[in-house]
Amino acid sequence: EADIYQTPRYLVIGTGKKITLECSQTMGHDKMYWYQQDPGMELHLIHYSYGVNSTEKGDLSSESTVSRIRTEHFPLTLESARPSHTSQYLCASSPWGDEAFFGQGTRLTVV
Amino acid sequence: GNSVTQMEGPVTLSEEAFLTINCTYTATGYPSLFWYVQYPGEGLQLLLKATKADDKGSNKGFEATYRKETTSFHLEKGSVQVSDSAVYFCAFMDTGRRALTFGSGTRLQVQP
């Protein structure tokens, strides 16, 4: 059973607000990822990390930022939320070079 | 560039019907291949995987074989159930940056 947690599960927030989506894993995995899932279901890699103090941008340009100060924690921050940020955000972690384990996702709605 | 192409949905089947969801990939080298499943309102769960050519991954009655010559990893199940209704994603692990590249997903609806 994978132990990766995302909070909150659902978030409705006004335009211009700063938000942080939390992601934590207890498996000691080095690799962590953030994917954005659009309403058409497609998954787009927006950020990933090889380990502490490592962050990389993914395939889809995103106005969000991430940090990796501890192995188990990989939060995603939007400084100023806009309606175009409305989406589902999925966090995942992976032992090096192996399958990825996903959290349950955060469904973000910006009004 | 690297990509995954999978069968468009929705796929609608009656219970106990045979299922095939096609998946082909374009990638450098011989990456590990995966099928993930997403139930409504949930994250993705690993369904099965194969790490080298001719490997067959299997789980819960689902199977897929890593075909290097056709760069394919088609998902099959002999007899689907209503509980199999979900979205299925084919993916491979990019050997360079070690991140999953996904197909666009196929929605399966199984009717009683």
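Predicted model, so just to flag it, every value in this text is computed and none were measured. (Residues numbered from 1 in each chain as written. Chains lettered and ligands numbered in written order. Predicted model: local features only at pLDDT ≥ 70, side-chain atom pairs only at ≥ 80, totals over all residues. Heavy atoms only, no water.)

Peer 1: Is there a simple way to think about the overall build of chain A in this case?
Peer 2: Counting its regular elements, chain A contains 0 helices and 11 strands. Taken from the N to the C terminus, the helices and strands of chain A come in the order β-β-β-β-β-β-β-β-β-β-β. Seen along its three principal axes, the alpha-carbon backbone of chain A occupies a region of about 40 × 25 × 25 Å. Counting only residues that meet the buried cut, chain A has 47% of its 111 residues in that class. When contacts within chain A are restricted to residue pairs at least 6 apart in sequence, those whose partners lie at least 24 apart make up 51%. Taking the average place of the 9 positive charges on the side chains of chain A and the average place of its 13 negative ones, the gap between the two points comes to 9 Å. (Helix = DSSP H or I, 4+ residues; strand = E, 2+ residues; numbered from the N terminus. Buried < 20%, exposed > 50% of the residue type's maximum accessible area, 1.4 Å probe, protein only. Contact = heavy atoms within 4.5 Å. Lys, Arg positive; Asp, Glu negative; His and termini not counted. Charge placed at Lys NZ, Arg CZ, Asp CG, Glu CD.)

Peer 1: Looking at this structure, I do not really get the state of the cysteines. What am I missing?
Peer 2: Residues and elements named next belong to chain A. Applying the stated criterion to the full structure yields 2 disulfides over all chains. The side chain of C23 participates in a disulfide bridge whose partner is C91; the two sulfur atoms lie 1.9 Å from each other. The sign of the S-S torsion, about -75 degrees, decides the handedness of the disulfide formed by C23 and C91: left-handed. Taken together, the residues span a long stretch of sequence, with C23 in strand β3 (residues 19-25) and C91 in strand β9 (residues 87-94) at a distance of 68 residues. No difference in accessibility class separates C23 from C91, as the two residues are buried. (Disulfide = S-S within 2.5 Å.)

Peer 1: Would you mind showing me how to read the sheet that holds strand β7 (residues 65-66) of chain A here?
Peer 2: Each strand in a sheet pairs with another by means of backbone hydrogen bonds, the pair being arranged parallel or else antiparallel. With antiparallel pairing, 4 strands are arranged side by side in an open sheet as β1-β3-β8-β7 (chain A). With one partner strand each, in any of the chains shown, β1 (4-7) and β7 of chain A form the two edges of the open sheet. (Pairing = 2+ DSSP bridges.)

Peer 1: Is there a simple way to think about the sheet that holds strand β9 (residues 75-77) of chain B in this case?
Peer 2: Residues and elements named next belong to chain B. Reading across the sheet, the 4 strands line up as β3-β9-β8-β7 and stay open at both edges, with antiparallel pairing between neighbours. Two strands in the sheet have a free side with no partner beyond their single neighbour: β3 (19-21) and β7 (56-59). With strand direction ignored, the average angle separating the axes of adjacent strands in the sheet is 15 degrees. Where strand β8 (residues 62-65) meets β9, 3 bridges bridge the pair, whose relative direction is antiparallel. Counted as the bridge partner of F62 is K77 from β9. (Axes fitted to C-alpha atoms, helices over the stretch in contact; angles between N-to-C directions.)

Peer 1: What should I look at first to understand the side chain of D94(B) in this one?
Peer 2: With respect to the helices and strands, the residue D94(B) is situated in the loop between β10 (86-93) and β11 (100-102). In contact with D94(B), other than residues within four places in its own chain, are N2(B) and A99(B).

Peer 1: Even after reading the chapter, I still don't get the side chain of Q88(A), so can you show me in this structure?
Peer 2: Positionally, Q88(A) belongs in strand β9. With residues near it in sequence (within four places) discarded, Q88(A) still touches Y35(A), Q36(A), Q37(A), Q104(A), G105(A), T106(A), R107(A), Q38(B) and E42(B).

Peer 1: How do you make sense of the interface of chain B and chain A when you look at a structure like this?
Peer 2: As a measure of interface size, the accessible area lost when the parts come together is often cited. The interface is formed by 21 residues belonging to chain B together with 24 residues belonging to chain A. Counting the surface chain B buries against chain A, the share from its top three residues, L44(B), R97(B) and R98(B), is 31%. Taken together, the connections running from chain B to chain A amount to 1 salt bridge. Counting across the chain B and chain A interface gives 8 residue pairs in polar contact (both at pLDDT 80 or more). (Buried area = accessible area lost by both parts, 1.4 Å probe. Salt bridge = Lys/Arg side-chain N within 4 Å of Asp/Glu carboxyl O. Polar contact = N/O pair within 3.5 Å; in protein donor to acceptor, adjacent residues only side chain to side chain.)

Peer 1: How should I be thinking about the pairing of strand β4 (residues 23-26) of chain B in this particular structure?
Peer 2: All names here are of chain B. Side-chain alternation along β4 places C23 and Y25 on a buried face and T24 and T26 on a face that remains uncovered. As judged from the 4 bridges shared by strand β1 (residues 3-6) and β4, these two strands associate in the antiparallel manner. Along β4, the bridge assignment pairs T5 with T24.

Peer 1: Got a minute to help me understand unusual backbone geometry in this structure?
Peer 2: The phi torsion of most residues other than glycine is negative, and most of the peptide bonds are trans. Of the consecutive residues T7(A) and P8(A), the connecting peptide bond is found in the cis state with omega at -10 degrees. In this fold, P8(A) is placed in the loop between β1 and β2 (10-13). That bond from G9(B) to P10(B) is cis: its omega, 0 degrees, falls within 30 degrees of zero. With respect to the element layout, P10(B) can be found in the loop between β1 and β2 (11-14). One non-glycine residue, E16(B), lies in positive phi territory at about 80 degrees. On the basis of relative accessibility, which here comes to 60%, the residue E16(B) falls in the exposed class.

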